[in-house]
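The lines below spell out each chain.
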Amino acid sequence: NKFPKEKFGNKNLSKFKGHIEFKDVNFSYEENIPVLKNLNLEVLPNEVVGFVGPSGAGKSTIFNLISALNKPDSGEILFDGESINELTKDSIRGNLSVISQNAYIFNMSIEDNLRIIKKNATKKEIEKACKMACLDEFIESLPNKYKTIVGEGGVTLSGGQRQRIAIARALLLNTEVLLFDEATSALDNENQAKIKKAIDNLVKDHTIIIVAHRLSTIIDADIIYLIDDGQVVDEGTHKSLLIKNEIYKTLYENEE
Ligand code: ADP
Ligand code: MG
């Protein structure tokens, strides 16, 4: 909905390691209403990075910039040191998987819902991805297991199950970076625990970036950025933020 700033570059981002840097990034959706203000932050390869902060702080906007859905007005984002201005949108997006509770579920079998992402995926690959995504127990409980139809004409999936389908899809694609935008609506505790376990399964081989509404999801994150009003107001591990940041401490205490 804004002036033409959609021009990216024509270089391909290849063999992406997962290093993302925001340097003095400014962004607005509408002129004269700044949303991100001189934002600086860094995501290191194979780390788990959490974002927390009040609604409207700019967390999803940060995700949209990482996903090359939008481009900074000024400043730059570097992917393995290469400026977003030099790279193609498609090659940036090809290295990322977005994992949301709104993952689209087609009216077909579970395994076909996964093959949507990778046509020639073998049964073995699919089973492995589902195990990593903590979906295996659920699938084994279904009448026709992997061949069970889900979606409108079949078994209805909960938000947590859909999110884990998205995780399994991301594993099949094998992208370096995974972006989780945790839904505001709370998952039940069992689903929450399974998502946490699925994320733990992915740690080390992937760079995982999480917008968390439940701080329990990011307790083990390598770094947490506290975002407010389009800026990083504090950063650190869960432990260090609990000690040094009153806002974070209050967020955490109110959760229990
Ligand atoms: P968060 O994810 O932290 O809740 P967002 O990044 O969604 O925050 O929003 C940051 C600010 O940008 C908010 O003030 C929001 O109203 C505004 N905003 C988000 N998306 C749009 C849009 N498409 N057009 C105009 N303003 C937007
Ligand atoms: Mg958001």
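Structure first, text after, so check above.
Within every chain, residues take consecutive numbers counted from 1 along the sequence as written. All chains are assigned letters beginning with A, and all ligands numbers beginning with 1, in the order in which they are written. Local features in a predicted model are, by the rule used here, given only for residues with pLDDT of at least 70; side-chain atom pairs are given and counted only at 80 or more, and totals for whole chains, interfaces and linings are based on all residues. By convention in this description, side-chain values take in all heavy atoms of the structure and omit both hydrogens and water.

Asker: Tell me about helix H4 (residues 123-132), and name the residues and values.
Answerer: Buried residues are those whose accessible area, probed at 1.4 Å on protein chains only, stays under 20% of the maximum for their type, while exposed residues exceed 50% and partly exposed ones sit between those limits. Each helix is a run of DSSP H or I of at least 4 residues and each strand a run of E of at least 2, with the numbering of both proceeding from the N terminus. Of the positions making up H4, those classed as buried are Ile126, Ala129 and Cys130. Across the axial projection of H4, the buried residues extend over an arc of 95 degrees, all falling on one side. Those residues of H4 that are exposed and aimed more than 90 degrees away from the buried face are Lys124, Lys128 and Lys131. Contact between two residues is taken to exist if any of their heavy atoms lie within 4.5 Å; hydrogens are not considered. Elements in contact with the buried residues of H4: helix H3 (110-115), helix H5 (136-140) and helix H6 (159-173). After H4 finishes, the residue Cys134 shows a positive phi value of roughly 60 degrees. To obtain the arc, one takes the directions from the helix axis to the C-beta atoms.

Asker: Break down the sheet that holds strand S11 (residues 223-228) for me, citing the residues and quoting the values.
Answerer: Whether two strands pair depends on DSSP finding at least two bridges between them. Strands sit in the order S6-S9-S10-S3-S11-S12 across an open sheet of 6 strands; the sheet is mixed. The outermost strands of the open sheet, each flanked by one partner alone, are strand S6 (96-99) and strand S12 (231-236). Across the sheet, the mean angle separating the axes of adjacent strands is 20 degrees when strand polarity is ignored. Note that strand S3 (residues 48-52) and strand S10 (residues 207-211) share 4 bridges and pair parallel. Each bridged residue has a counterpart across the sheet, and for Val49 the counterpart in S10 is Ile209. The angle between two axes is taken between their N-to-C directions and runs from 0 to 180 degrees, where each axis is a line fitted to C-alpha atoms and a helix contributes only its stretch in contact.

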